[in-house]
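# Fold and contact review
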Amino acid sequence: RGKLWIVATPIGNLDDLSPRARDVLRAVALVAAEDTRHSAPLLAHAGSRARTFALHEHNERDQAERVVERLLGGDDVALVSDAGTPLVSDPGYRLVRAAREAGCEVSPVPGPCAAIAALSVAGLASDRFVFEGFLPAKAAARRERLAELVAEPRTLLFYESSHRIVEALADFVAVFGGARAAVLARELTKLFETVIAAPLADVEARVLADANQQRGEFVLVVAGAEGAAADAVLAEGRRVFTLLREELP
Ligand code: SAM
């Protein structure tokens, strides 16, 4: 049986491709990539001549079966995503499960991950954190999700794209309050990398003031609710619940 390698790739700087990632990409017969055209330059950079195969959100179930057939046939396969670590806000978990269920070994080649890179420069409590990935695209659902997280005491990590960063920051300020400490990490490892560490209201003001700060890829790291603030939110929740309970038949 072949082995399935889960290979992390750069999030912007090709030099972040590890020597082991390069070796694996060269050695495998097949690379399953989220977008084969997007991964072509990386594979060329790695000197890989493996055949590529598209495995994305919409075809993962079917393609996983085909990859497993190849593994059972003895071929080693690597999974890469467009950037960073596969499975982190990216496809792959169904493939990993299918490969393991078929008795194949699954092995990681760790490397870049935007969330962890942002956390590593945020300077916010990092002993416990919650990865929330992308928020819902629709405003109402997004605010609802944020409202669920207001009292979360652990540091929170979110992914955001340039399309929604302005709207999203407004929602963060509205729901979490402008005083909550945050770090907006933009274009990490790329030419225009910027890290803004400030209360949410100031992060929003700086992004609004400069159109360049609205471009690119973002990780927003938000401090967890402080003990007292979390207690206040819970107390308020209990108060409202008690009032409602009295009103209900
Ligand atoms: N699997 C990837 C990882 O390990 O980070 C994440 C894939 S997800 C589809 C893409 C999102 O990751 C972007 O919208 C952005 O929020 C974040 N991201 C990716 N590269 C980034 C970078 N260089 N700087 C900041 N955020 C980045």
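Here, the structure is the one placed above.
My aim in this report is to walk through the structure given alongside it, one point at a time. (Residues numbered from 1 in each chain as written. Predicted model: local features only at pLDDT ≥ 70, side-chain atom pairs only at ≥ 80, totals over all residues.)

### Describing the overall build of the protein
When helices and strands are counted, the protein shows 9 helices and 10 strands. When the backbone C-alpha atoms are referred to their principal axes, the protein occupies close to 65 × 50 × 30 Å. Sorting the 249 residues of the protein into buried and exposed places 35% on the buried side. Contacts spanning at least 24 positions in sequence make up 72% of the contacts within the protein whose residues lie at least 6 apart. (Helix = DSSP H or I, 4+ residues; strand = E, 2+ residues; numbered from the N terminus. Buried ≥ 20, exposed ≤ 12 C-beta atoms within 10 Å, placed from the backbone. Contact = placed C-beta atoms within 7 Å.)

### Things to note about the sheet that holds strand S2 (residues 30-33)
Spatial strand order, S3-S2-S4-S1-S5: 5 strands in an open sheet with parallel pairing. Each edge of the open sheet is held by one strand with a lone partner, namely strand S3 (51-54) and strand S5 (106-109). Each adjacent strand pair in this sheet contributes to an overall mean axis angle of 25°, direction not counted. By the bridge criterion, 3 bridges tie strand S1 (residues 4-7) to strand S4 (residues 77-80) in an arrangement that is parallel. Its bridge partner being in S4, Leu4 is matched across the sheet by Val77. Relative to the sheet, helix H1 (residues 19-27) contacts S1, S2, S4 and S5, its axis offset from that of S1 by approximately 140°. (Pairing = 2+ DSSP bridges. Axes fitted to C-alpha atoms, helices over the stretch in contact; angles between N-to-C directions.)

### Section: the environment of Ala137
Assignment of secondary structure puts Ala137 in the loop between strand S6 (129-134) and helix H6 (139-149). Distance in space between the C-alpha atoms of Ala137 and Arg164 is 8.0 Å, their sequence separation being 27 residues.

### As for the nonpolar core
Membership of the largest hydrophobic core comes to 65 residues, with the highest contact counts inside it found for Val7, Leu25, Ala78, Leu79, Ala118, Ala182 and Val221. The greatest single-element share of this core, amounting to 6 residues, is contributed by helix H7 (residues 165-176). Once residues lying within four places of it in the same chain are set aside, the contact partners of Ala118 are Leu157, Val183, Ala185, Leu188, Val219 and Val221. (Core = buried A, V, L, I, M, F, W, Y, C linked by C-beta atoms within 7 Å.)

### Overview of the site of the ligand
Among the 24 residues in the neighbourhood of the ligand, the closest are listed as Gly84, Ala114, Tyr159, Leu188 and Glu217. Within the residue set of the shell around the ligand, elements represented by two or more residues are helix H5 (114-122), strand S7 (155-161), strand S8 (181-186) and strand S10 (217-222). Here the shell around the ligand is built from residues that sort into 11 nonpolar, 7 polar and 6 charged. (Near = placed C-beta within 6 Å. Nonpolar A, V, L, I, M, F, W, Y, C, P; charged D, E, K, R; others polar.)

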